[in-house]
Protein chains: 2
Amino acid sequence: MEKITSRSNEKIKYAVRLGESASLRKEAGEFFLEGARLCFDAAQTGIEIKQAFFTAKAMWKYEDYVKEITERCAECYEIGAEVSQKLSDTENAQGVFCICSMKPKSEKVSLNPNGKYIALENLQDPSNLGAVCRSVEAIGLDGLIVSGGCDIYNPKALRAAMGSSLRMDVTVCDDLGEILDLAHSLGMQTLASVPKNTATDIRRVSMEGGVICCVGNEGNGLSEKTIGQCTKQVVIPMSGRAESFNASAAAAILAWELKR
Amino acid sequence: MEKITSRSNEKIKYAVRLGESASLRKEAGEFFLEGARLCFDAAQTGIEIKQAFFTAKAMWKYEDYVKEITERCAECYEIGAEVSQKLSDTENAQGVFCICSMKPKSEKVSLNPNGKYIALENLQDPSNLGAVCRSVEAIGLDGLIVSGGCDIYNPKALRAAMGSSLRMDVTVCDDLGEILDLAHSLGMQTLASVPKNTATDIRRVSMEGGVICCVGNEGNGLSEKTIGQCTKQVVIPMSGRAESFNASAAAAILAWELKR
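Below: a short report on this structure. Being a predicted model, the structure only gives us computed values, none of them experimental. (Residues numbered from 1 in each chain as written. Chains lettered and ligands numbered in written order. Predicted model: local features only at pLDDT ≥ 70, side-chain atom pairs only at ≥ 80, totals over all residues. Heavy atoms only, no water.)

1. Remarks on the overall build of chain A
Here's step 1: Broken down by element type, chain A carries twelve helices and twelve strands.
Here's step 2: Scaling as 2.2 N^0.38, a compact globule of 260 residues should have a C-alpha radius of gyration of about 18 Å, and chain A matches this with 20 Å.
Here's step 3: Seen through its principal axes, chain A has C-alpha atoms that stretch 60 × 40 × 30 Å.
Here's step 4: In chain A, the proportion of contacts linking residues at least 24 apart, taken out of those at least 6 apart, comes to 78%.
Here's step 5: Side chains of chain A give 30 positive and 34 negative charges; the mean places of these two sets differ by 3 Å. (Helix = DSSP H or I, 4+ residues; strand = E, 2+ residues; numbered from the N terminus. Rg over C-alpha atoms; globule rule 2.2 N^0.38 Å. Contact = heavy atoms within 4.5 Å. Lys, Arg positive; Asp, Glu negative; His and termini not counted. Charge placed at Lys NZ, Arg CZ, Asp CG, Glu CD.)

2. Observations concerning the nonpolar core
Here's step 1: Membership of the largest hydrophobic core comes to 164 residues, with the highest contact counts inside it found for A:Ile118, A:Ile212, B:Ile118 and B:Ile212.
Here's step 2: Apart from the residues within four sequence positions on either side, A:Ile118 is in contact with A:Val132, A:Val136, A:Leu141, A:Gly143, A:Leu144, A:Ile145, A:Cys213, A:Val215, A:Ala251, A:Leu254, A:Ala255 and A:Leu258. (Core = buried A, V, L, I, M, F, W, Y, C linked by side-chain atoms within 4.5 Å. Buried < 20%, exposed > 50% of the residue type's maximum accessible area, 1.4 Å probe, protein only.)

3. Observations concerning the relation of the copies chain A and chain B
Here's step 1: Between the two copies, chain A and chain B, the superposition gives an RMSD of 0.1 Å; the rotation angle is 180° and the shift along the axis is 0.0 Å. Between the two chains, the operation in question is that of a two-fold axis.
Here's step 2: Most of the interface of chain A is mirrored in chain B: 100% of its interface residues are interface residues there too. (Least-squares fit on C-alpha atoms with pLDDT ≥ 70 in both.)

4. Here we look at the pairing of strand 11 (residues 211–215) of chain B
Residues and elements named next belong to chain B.
Here's step 1: Among the five residues that make up strand 11, five are buried, leaving the element largely enclosed by the rest of the structure.
Here's step 2: Residues Val211, Cys213 and Val215 of strand 11 are buried on one face, and the alternating residues Ile212 and Cys214, pointing to the opposite face, are buried as well.
Here's step 3: Pairing analysis gives five bridges linking strand 6 (residues 116–121) to strand 11, with the strands arranged parallel. Looking across to strand 11, one finds that Tyr117 is bridged to Ile212. (Pairing = 2+ DSSP bridges.)

5. Points about empty space enclosed by the protein
All names here are of chain B.
Here's step 1: Scanning the model with the defined rule gives one cavity of 30 Å³ or more in all.
Here's step 2: Of the volumes computed, that of the largest cavity is approximately 60 Å³.
Here's step 3: Around the largest cavity sit Phe32, Leu33, Glu34, Leu38, Asp89, Pro155, Leu158 and Arg159, which together line it. (1 Å grid on protein atoms, 1.4 Å probe; cavity = no way out; pocket = protein on both sides within 12 Å on 5 of 7 lines; lining within 4 Å. Points joined across faces, edges and corners; volume = space filled by probe spheres on them.)

6. Considerations on the interface of chain A and chain B
Here's step 1: Every contact between the two is made by 30 residues of chain A and, on the other side, 30 residues of chain B.
Here's step 2: In total, chain A and chain B occlude about 2,600 Å² of area from one another, counting both sides; carbon and sulfur atoms represent 53% of this.
Here's step 3: Three residues stand out in chain A for area buried against chain B, namely A:Arg134, A:Arg241 and A:Trp256, and they jointly supply 28% of the buried area on that side.
Here's step 4: Run the count over chain A and chain B and you get two salt bridges.
Here's step 5: Here B:Arg37 and A:Glu243 are joined by a salt bridge, their closest N and O atoms 2.8 Å apart.
Here's step 6: Tallied by class, the residues present in the side of chain A that touches chain B amount to 13 nonpolar, eight polar and nine charged. (Buried area = accessible area lost by both parts, 1.4 Å probe. Salt bridge = Lys/Arg side-chain N within 4 Å of Asp/Glu carboxyl O. Nonpolar A, V, L, I, M, F, W, Y, C, P; charged D, E, K, R; others polar.)

7. Topic: the sheet that holds strand 12 (residues 232–235) of chain B
Backbone hydrogen bonds are what pair the strands of a sheet, in a parallel or an antiparallel way.
Residues and elements named next belong to chain B.
Here's step 1: Here we have seven strands laid out as an open sheet, ordered 8-7-6-11-9-12-10, and parallel in their pairing. Edge positions in the sheet fall to strand 8 (170–173) and strand 10 (200–201), since each of these pairs with one other strand and no more.
Here's step 2: Set on the sheet, helix 7 (residues 126–139) makes contact with strand 6 and strand 7 (143–147); between it and strand 7 the angle comes to about 155°. (Axes fitted to C-alpha atoms, helices over the stretch in contact; angles between N-to-C directions.)

8. Quick word on the pattern of salt bridges
Here's step 1: Enumeration over the complete set of coordinates arrives at 32 salt bridges over all chains.
Here's step 2: In this structure, A:Arg25 engages A:Asp151 in a salt bridge whose closest nitrogen and oxygen atoms are separated by 2.5 Å. Linking A:Arg25 in helix 2 (residues 22–28) with A:Asp151 in the loop between strand 7 (143–147) and helix 8 (155–161), this pair joins segments that are 126 residues apart in sequence.
Here's step 3: Look at A:Arg25 and you get buried, because its relative accessible area is 2%.
Here's step 4: Overall, A:Asp151 belongs to the partly exposed group, its relative accessible area being 22%.
Here's step 5: What emerges from the salt-bridge pattern is a single network uniting A:Arg37, A:Asp41, A:Glu137, A:Arg167 and B:Glu243.

9. Looking at the packing of aromatic side chains
Geometrically, a pair of aromatic rings is defined through the distance of the ring centres and the angle of the planes.
All names here are of chain A.
Here's step 1: Per the counting criterion, the structure on display carries eight aromatic pairs over all chains.
Here's step 2: Residues Phe32 and Phe97 carry aromatic rings whose centres are separated by 5.9 Å and whose planes lie at 10° to one another, so their mutual orientation is stacked. You can see Phe32 sitting in strand 2 (residues 30–34) and its partner Phe97 sitting in strand 5 (residues 96–101), a full 65 residues away along the chain. Taken as a pair, Phe32 and Phe97 share a single burial class, namely buried. (Phe/Tyr/Trp six-rings, centres within 6.5 Å; stacked < 30°, edge-to-face > 60°.)

10. Remarks on the packing of helix 3 (residues 36–45) of chain B against helix 5 (residues 63–71) of chain B
Residues and elements named next belong to chain B.
Here's step 1: Relative to each other, helix 3 and helix 5 sit at 40°, their axes nearing to 9 Å. By the criterion of interaxial angle, the relationship of helix 3 to helix 5 is oblique. The way helix 3 lies across helix 5 gives a crossing that is left-handed. When helix 3 is examined against helix 5, the residues Ala36, Arg37, Cys39, Phe40, Ala43 and Gln44 are found in contact with a partner set consisting of Tyr65, Glu68 and Ile69.
Here's step 2: Grouping the amino acids of the contact of helix 3 with helix 5 by side-chain chemistry returns six nonpolar, one polar and two charged. (Parallel < 35°, antiparallel > 145°, perpendicular 65-115°, else oblique. Left-handed = near helix turned anticlockwise from the far one by under 90°.)

11. Section: the side chain of A:Glu257
Here's step 1: Position of A:Glu257 among the secondary structure elements: in helix 12 (residues 247–258).
Here's step 2: A relative accessible area of 6% means that A:Glu257 is categorised as buried.
Here's step 3: Of note is the side chain of A:Glu257, whose polar atom sits 2.6 Å from the side chain of A:Arg260.
Here's step 4: At a separation of 2.8 Å, a polar atom in the side chain of A:Glu257 contacts the side chain of B:Trp256.
Here's step 5: Residues in contact with A:Glu257, not counting those within four places in the same chain, are A:Ile202, A:Arg203, A:Met207 and B:Trp256. (Polar contact = N/O pair within 3.5 Å; in protein donor to acceptor, adjacent residues only side chain to side chain.)

See the structure below:
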């Protein structure tokens, strides 16, 4: 295995930029992944691993994980501790990193007409985004739809998702409107989650058939356009002086209700 | 109003340290709060505000909030923009800051024997902690119990809680064991949330009477001691290859089920 000891190696500089830049990720169709378990999960899930980087320590400490990764990656490098530190986003780097291909975007979005979905519009906080991926997978919904600013390949979002965003059916779209149109043509219900106690109590909504429940941005909620397009406005009823939930807490409760 | 223009002013240096150091907060019985709405909420809730700091811009931009704060605080200072930047934890500081007294710890913990509570053990991430406070208030539980490393006065936790931790009944304790003993003596049910599909499905637990549901640390879950002390182990059933929920998502679903 070739060894990289210089922090200014071109491959290392590219990996760092890939972690930092959403536009580079989009342009290259690649993303950067850190962590023994997460890289192992990606390999197992069938994500294409283009390059992998391991410290000598990681190769014995995470032997089984590293074995799986190297078997599925043609271009593996040993890296020095200083290089690992440069690549890492965390204080205690495990010394396992990969550059992966994004899952190919399907030409045509497909929805299960009886499926249950959460759709996120412009969620800003990558930790929230990752937490929602985790909830949606754990609760067993049919998939997650993300639009606009939701970047599931952001390193913080990937870490918070603990592999769920790589395993799950995630539909990335520019415009939620098209998906909602498709859902309506399939006879699905579309719900707009709003923090207004005048909307329909989520517990009173029938969840028969297919349902997409839309959750908005942390600060501003859903756009007027999306609210207007959905068949119903729903609320998680709130007590006290609370005015809203954290977006990932709201999404968890809504996903839970979708599967009730 | 006296004006502070030097970033090395002793009051400013103290405020910064108070935001950074959990041990100083504990020793002084004071905490540092940032943000126009949050400081206003604290004032309205009856939290004692010992000192307040405003930029000139904030005094007109957040006039109503600042008025409420100054009416309840004897020691107000105008600060320059550079001082505001030093005090702030965010990129776009609003220019409103307070030093507040922690709520006095009650000598004796009191529980409503028919109340519903979430208890958090050693939650590490302040954003998770704040999000749980917000969920618990919005869902309308009777209170939140936090033990060990949960620092509700951490600035990130305060921001994520959006005022809920100041408004709500939060019991801070060193040892969850004493609270669980008290709960049992009052005939309350105590639930240990564990990520094991062999535990009792949370949907099958009767929520009659008083219930405390314990949620553990992000990485390690609840301690063996706490699990052993609770009357029942419960789980939010999980599908797919997910192994657990984000702690604040789990707490949101559990709080929601407590009030079902």
